[in-house]
Amino acid sequence: MTRGQPELFRGLAQEEIDQALATGKRITVAKGAQLFALGSDADHLYIIERGVVRLTLPMQIRGRDEDVMVEERTPGQTVGWSALIPPYRFTLKATASMEAELIVLPREALRSFLEARPAAGHTVMLNLAAVIGQRLQLFQAMWLREMQRMVEQRCA
Amino acid sequence: MEMFLMVICMSVFGLAVTVIAFGAATNQQAQAPAAQPELDTVVHVGEGRFFGDEAARPVQPQVPVEALLLQIDSHVRLEQAAAESFLEYPTAALLHSRTVSPLVH
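Residues numbered from 1 in each chain as written. Chains lettered and ligands numbered in written order. Predicted model: local features only at pLDDT ≥ 70, side-chain atom pairs only at ≥ 80, totals over all residues. Heavy atoms only, no water.

A. Layout of the packing of helix 3 (residues 118-155) of chain A against helix 3 (residues 65-88) of chain B. Axis separation between helix 3 of chain A and helix 3 of chain B bottoms out at 9 Å; the angle between their running directions is 110°. Comparing the axis directions of helix 3 of chain A and helix 3 of chain B gives the class roughly perpendicular. The handedness of the crossing between helix 3 of chain A and helix 3 of chain B is right-handed. Of helix 3 of chain B, the residues touching helix 3 of chain A (which contributes Gln134(A), Gln137(A), Leu138(A), Phe139(A), Ala141(A), Met142(A), Arg145(A), Glu146(A) and Arg149(A)) are His75(B), Val76(B), Glu79(B), Gln80(B), Ala82(B), Ala83(B), Glu84(B), Phe86(B) and Leu87(B). (Axes fitted to C-alpha atoms, helices over the stretch in contact; angles between N-to-C directions. Helix = DSSP H or I, 4+ residues; strand = E, 2+ residues; numbered from the N terminus. Parallel < 35°, antiparallel > 145°, perpendicular 65-115°, else oblique. Left-handed = near helix turned anticlockwise from the far one by under 90°. Contact = heavy atoms within 4.5 Å.)

Laid out in structure tokens, this is it:
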């Protein structure tokens with residue numbers, strides 16, 4: 001169903017991947033289309049097939065909220081893993097940077113699928129932990145770099 | 001006696017010179033306001049001039065929001081690339097590598 005193994009389903013048999021993807025539906029979104037808003041209910045998980053999805057957070061610039069890029073996700077990557085983590089609310093806003101093709105997986109359907117296949121569920125959860133852990137480590141390093149600059153400015 | 005008279009004469013002379021000098025000085029002070037142009041007594045000082053930093057700082061032209069957003073975008077990409085390099089080979093040198101981001105410089 002998808003080109004290459006999506007990061008979330010890495011390590012699963014192709015048959016299982018196809019079954020998991022079959023729980024969702026494929027959509028095409030135009031450039032600039034919003035997938036989800038910050039704080040909205042996270043009922044769906046997205047796997048990018050084509051295009052780029054931009055994850056943003058609002059920043060106050062001259063008294064106005066402006067969307068500032070936090071991360072960009074590319075084909076094979078997962079967007080919206082808040083759908084699998086309580087309290088199931090999106091903590092970022094996702095917008096298509098260009099026309100994109102995505103597979104939208106409803107949380108409940110994916111959960112039922114994984115509960116019925118504990119081994120596959122275990123692999124998917126490990127993949128999910130890798131995605132979350134990678135972001136945590138990335139932002140930890142970015143935060144420390146900003147702190148370092150702040151300290152240098154203070155000590156200058 | 002002669003010495004005494006001489007001291008008195010000198011004292012009287014000194015006193016006279018002092019009185020004349022004082023008279024001349026007070027006369028000049030009295031005439032001064034009329035002769036000099038009126039001075040503006042209110043001195044306008046810039047708010048930050050006392051410390052000198054605000055006055056010395058050149059006025060930065062305001063960057064358009066769109067340009068600023070592009071700079072932030074570029075900054076995030078550069079920082080992510082730097083953070084990814086660090087995660088690949090975690091060393092203090094890579095963690096604190098310098099950035100070329102225009103937002104910092």
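B. Layout of the interface of chain B and chain A. Contacts between chain B and chain A engage 25 residues on the former and 23 residues on the latter. With both chains or domains summed, chain B and chain A bury close to 2,100 Å², and 57% of this area falls on carbon and sulfur atoms. In terms of surface lost to chain A, no three residues of chain B exceed Glu79(B), Gln80(B) and Leu87(B), which account for 23% of the buried area on that side. The partner of Glu79(B) in a salt bridge is Arg149(A), and the shortest N-O contact between them spans 3.0 Å. Applying the counting rule to chain B against chain A returns 11 residue pairs in polar contact (both at pLDDT 80 or more). Sorting the residues of the side of chain B that touches chain A by element identifies helix 3 and helix 4 (92-95) of chain B as the ones contributing at least two each. Ranked by residue count, the leading element in the side of chain B that touches chain A is helix 3 of chain B, at 15 residues. Taken together, the residues of the side of chain B that touches chain A sort by class into 14 nonpolar, six polar and five charged. (Buried area = accessible area lost by both parts, 1.4 Å probe. Salt bridge = Lys/Arg side-chain N within 4 Å of Asp/Glu carboxyl O. Polar contact = N/O pair within 3.5 Å; in protein donor to acceptor, adjacent residues only side chain to side chain. Nonpolar A, V, L, I, M, F, W, Y, C, P; charged D, E, K, R; others polar.)

C. Main features of the sheet that holds strand 2 (residues 34-36) of chain A. An order of 2-7-4-5 (chain A) is seen for the four strands of this open sheet, with the pairing classed as antiparallel. The open sheet is flanked by strand 2 and strand 5 (64-73) of chain A, the only strands paired with a single partner. Along the sheet, successive strands turn relative to each other by an average axial angle of 40°, direction set aside. When strand 4 (residues 53-61) of chain A meets strand 7 (residues 93-96) of chain A, the two strands line up antiparallel, connected through four bridges. If you follow Leu55(A) over to strand 7 of chain A, its bridge partner there is Ala94(A). Against the sheet, helix 3 of chain B engages strand 4 and strand 5 of chain A, with an angle of about 30° to strand 5 of chain A. (Pairing = 2+ DSSP bridges.)

D. Here's a closer look at helix 2 (residues 107-116) of chain A. Residue and element names in this part refer to chain A. Along helix 2, the positions that sit buried rather than exposed are Arg107, Leu110, Phe113 and Leu114. With its buried residues spanning 135° around the axis, helix 2 presents them on a single face. Residues of helix 2 that are exposed and point more than 90 degrees away from the buried face comprise Glu115 and Ala116. Along its buried surface, helix 2 packs onto helix 1 (14-21), strand 3 (44-50), strand 8 (100-106) and helix 3. (Buried < 20%, exposed > 50% of the residue type's maximum accessible area, 1.4 Å probe, protein only. Arc of directions from axis to C-beta.)

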